[in-house]
Amino acid sequence: MSAVLKPNQKFVVCDGNEAAALAVTLAQVDMVAVYPITPQSSLVEYLAKFAADGKLDAEIVDVEGEHSVLSVLHGATLAGARTYTATCGPGLAFMFEPYMRTPGMRMPLVMTIVTRDTLTPQSVWGGHQDAMSVREIGWIQMYCETVQEVLDTTIMAYKIAEHHDVMLPVNVCHDGNYLSYGATRCELPDKDKVHAFLGTRDVNWHAALDPERPMAIDPLTGGAGGPGPAMFVRYRKGQCTGMQNSLRVIEEVHAEWERVFGRGHSPLIEQYRMEDAEYALVTIGSMTGAAKDAVDEARERGQRVGLVKVKTFRPFPSKVVVQAFKNVKAIGVVDRSVNFSWNNGPLFQEVVGALYQAPTRIPAMSFIGGLAGADLTTGHFGRVIERVADMARGGEPGETVWLNQDD
Amino acid sequence: MTKQAKAPFDASTIPNDLCPIASTPNPMLPGDWRSMRPVVNRDKCVKCAVCWLYCPVQCVVEKAAWFDFDLATCKGCGICMRECPHGAITMVEEAS
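Each value, and the rule that gives it
- Residues numbered from 1 in each chain as written.
- Chains lettered and ligands numbered in written order.
- Predicted model: local features only at pLDDT ≥ 70, side-chain atom pairs only at ≥ 80, totals over all residues.
- Pairing = 2+ DSSP bridges.
- Helix = DSSP H or I, 4+ residues; strand = E, 2+ residues; numbered from the N terminus.
- Contact = placed C-beta atoms within 7 Å.
- Axes fitted to C-alpha atoms, helices over the stretch in contact; angles between N-to-C directions.
- Parallel < 35°, antiparallel > 145°, perpendicular 65-115°, else oblique.
- Left-handed = near helix turned anticlockwise from the far one by under 90°.
- Nonpolar A, V, L, I, M, F, W, Y, C, P; charged D, E, K, R; others polar.
- Core = buried A, V, L, I, M, F, W, Y, C linked by C-beta atoms within 7 Å.
- Buried ≥ 20, exposed ≤ 12 C-beta atoms within 10 Å, placed from the backbone.
- Domains from an automatic or database assignment.

Enquirer: Could you clarify how one ought to interpret the sheet that holds strand 14 (residues 330–335) of chain A in this entry?
Expert: Backbone-to-backbone hydrogen bonds pair the strands of a sheet. The strands run either parallel or antiparallel. Residue and element names in this part refer to chain A. One open sheet accounts for six strands, arranged 10-12-11-14-15-16; its pairing is mixed. Each edge of the sheet is formed by a strand with only one pairing partner; in this case those strands are strand 10 (269–272) and strand 16 (401–402). Summarising the sheet, strand 15 (residues 364–368) and strand 16 pair through two bridges and their orientation is parallel. When the sheet's bridge partners are listed, F367 is paired in strand 16 with V401. Across the sheet, helix 10 (residues 288–300) lies against strand 10, strand 11 (279–283), strand 12 (305–310) and strand 14, angled at about 165 degrees from strand 12, the strand it touches most. Helix 12 (residues 346–355) contacts strand 11, strand 12, strand 14 and strand 15 of the sheet and is inclined by roughly 150 degrees relative to strand 14.

As structure tokens, this is what we get:
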């Protein structure tokens, strides 16, 4: 970690938490407010170390809890600062009130969720339940597959969030345990190139805490009284417009990243071996690596299976999802979290929601695995592929399958 | 205590569907529902500005040799009285 920002340093070996901290350093963030919580804690420690070493020129505010973390950053953002924090699980729950207000105030701050399964049952291990639980709050959410993607996406997140057509906060989600602590070789982008890529911060052009241009931020809209419901509706619709704009901006920013740094990531969804696929898996996050291996093994056996990884979950890229599945006969969606209402997974629910726009009904099944840090192996994905292959041959979709039920 | 250096923020230059903001003052003032009002003892006031610093609604007004209050905005919270290091402020009931 002493390698950070050494002149001409190109490669480091780091875990996802350090990669996020390196990205924050490269993005020249002005203010970080944090409260440590497993499995995010080492990310905070890296940030504190980089700041103490003089490599990260940011104010680091240690506050008494996550509610204050985000409240502090609201003030900083309205004063014009580029801001960052990270949390997970119970910390995210404690942050909920200011978390809800952040997108409505159109604050382009970036927050990593080092995903953790929610309590209860007691768990300090990975799972997407925390991030998925806040999927309707209006933050952009991007889920990473690799440590490199964590680093690159965290930097890109600032450019996406601060785009004037977007102006929304971004959650970069990386899997607790698997990405937070999994160390790998990682390429560091050039510092000057990152600075040029991100450009000058301009985060409070729309709402500012500035004594020289006084204004009230987020006053009562009047609801159904005062100026009438139209004002509230206008701001809500504005948020939706920003979200939909972000689909285009996310693609543009990823394309520019690839041009500048010569290393690319799929912006909305990644299609893996989908060209001639008869059926497909849908994955999200770090499980995708094992799933791709399982797809390769099945391909060697002559099975025409492909995979779609959803990176951008919020806003949900429904058009490209429908397009990706236009030739497949069956789909298996693997979630790392639970949709309690439908007795299946939230990603499954989104995918079938999008597929309602498809010209024909495609049979789909929900698979839930990797809860509370459980490993998802090629063996698990092999079972998923067999079940989906059966559907492609005309078998009926069944009830949700819990992949680690007997592990 | 200084005058505004810039022109007031012109909200018409930004989209009206981003963050709700208000750059014109709200006519509702707390002066008419205050139950206690602060009164300064000018003999004790040394113009240290502690009341000015602490007043949450910034209603403390600078006079030649003392500080006074804009009673249109003062909500009567009494923080100035509590913080004044010279005991120069008392809170007086608004009744009658």
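Enquirer: Is there a simple way to explain the packing of helix 1 (residues 16–26) of chain A against helix 7 (residues 147–162) of chain A in this structure?
Expert: Any two packed helices are characterised by the angle at which their axes cross and by the distance between the axes. Residues and elements named next belong to chain A. It is at 8 Å that the axes of helix 1 and helix 7 come closest, and there the two elements cross at 25 degrees. Between helix 1 and helix 7, the interaxial angle falls into the category roughly parallel. Where helix 1 crosses over helix 7, the two elements pack in a sense that is right-handed. Taking contact as the criterion, the partners of G16, A19, A20, L22, A23, V24 and L26 in helix 1 are, on helix 7, V147, V150, L151, T154 and I155. Here the residues of the contact of helix 1 with helix 7 sort into ten nonpolar, two polar and no charged.

Enquirer: Is there a simple way to think about the sheet that holds strand 3 (residues 59–62) of chain A in this case?
Expert: Residues and elements named next belong to chain A. With mixed pairing, the seven strands of this open sheet are ordered in space as 3-2-4-5-7-6-13. The sheet is open, and its two edges are formed by strand 3 and strand 13 (312–314), each paired on a single side. Averaged over all adjacent pairs, the angle separating strand axes in this sheet is 20 degrees, with direction ignored. Sheet topology places strand 2 (residues 31–34) next to strand 3; four bridges connect them, and they run parallel. Counterpart to V34 in the pairing with strand 3 is D62.

Enquirer: Could you clarify how one ought to interpret the interface of chain A and chain B in this entry?
Expert: With 19 residues of chain A in contact, the opposing surface of chain B contributes 14 residues. Mapped by element, the contributors of at least two residues to the side of chain A that touches chain B are strand 9 (216–217) and helix 9 (229–261) of chain A. If one sorts the elements of the side of chain A that touches chain B by residue count, helix 9 of chain A sits on top with five residues. Among the residues forming the side of chain A that touches chain B, the class breakdown is nine nonpolar, four polar and six charged. The pairing of strand 9 of chain A with strand 1 (residues 21–22) of chain B spans two bridges and is antiparallel. Its bridge partner being in strand 1 of chain B, A:A216 is matched across the sheet by B:A22.

Enquirer: When you look at the nonpolar core in this model, what are you seeing that I'm missing?
Expert: Counting 128 residues, the largest nonpolar core has A:A280, A:L281 and A:I331 as the members making the most contacts within it. Broken down by element, this core gets its largest block of residues, nine residues, from helix 7 of chain A. No fewer than three residues from each of domain 1 (11–198) and domain 2 (269–402) of chain A sit in this core. For A:L281, the contacting residues outside a window of four places in its chain are A:A291, A:V295, A:L307, A:G332, A:V334, A:F381, A:V384, A:I385 and A:V388. One finds B:C55, B:F67, B:F69 and B:A88 within the second-largest nonpolar core, a separate group that totals twelve residues.

Enquirer: How should I be thinking about unusual backbone geometry in this particular structure?
Expert: Most peptide bonds adopt trans geometry, and most residues besides glycine take a negative phi value. All names here are of chain A. Cis geometry is found at the peptide bond from L119 to T120, where omega equals -10 degrees. As for its position among the elements, T120 is in the loop between strand 5 (110–115) and helix 6 (129–133). Geometrically, the link from T120 to P121 is a cis peptide bond, its omega value of 10 degrees lying close to zero. Position of P121 relative to the elements: it lies in the loop between strand 5 and helix 6. Within the chain, M167 stands out as a residue other than glycine whose phi angle is a positive 50 degrees. The residue M167 is located in the loop between helix 7 and strand 7 (170–175) in this model.

Enquirer: What is the right way to look at the environment of A:A324 in this model?
Expert: Residues and elements named next belong to chain A. Counting through the fold element by element, A324 comes out in helix 11 (residues 318–324). For A324, a count of 23 C-beta atoms within 10 Å puts it in the buried group. Here the alpha-carbon distance between A324 and G353, two residues 29 residues apart in the chain, equals 14 Å. Here A324 is in contact with I269, Q271, M274 and V308, once residues within four sequence places are set aside.

Everything listed is a geometric property; what it means functionally is a separate question.
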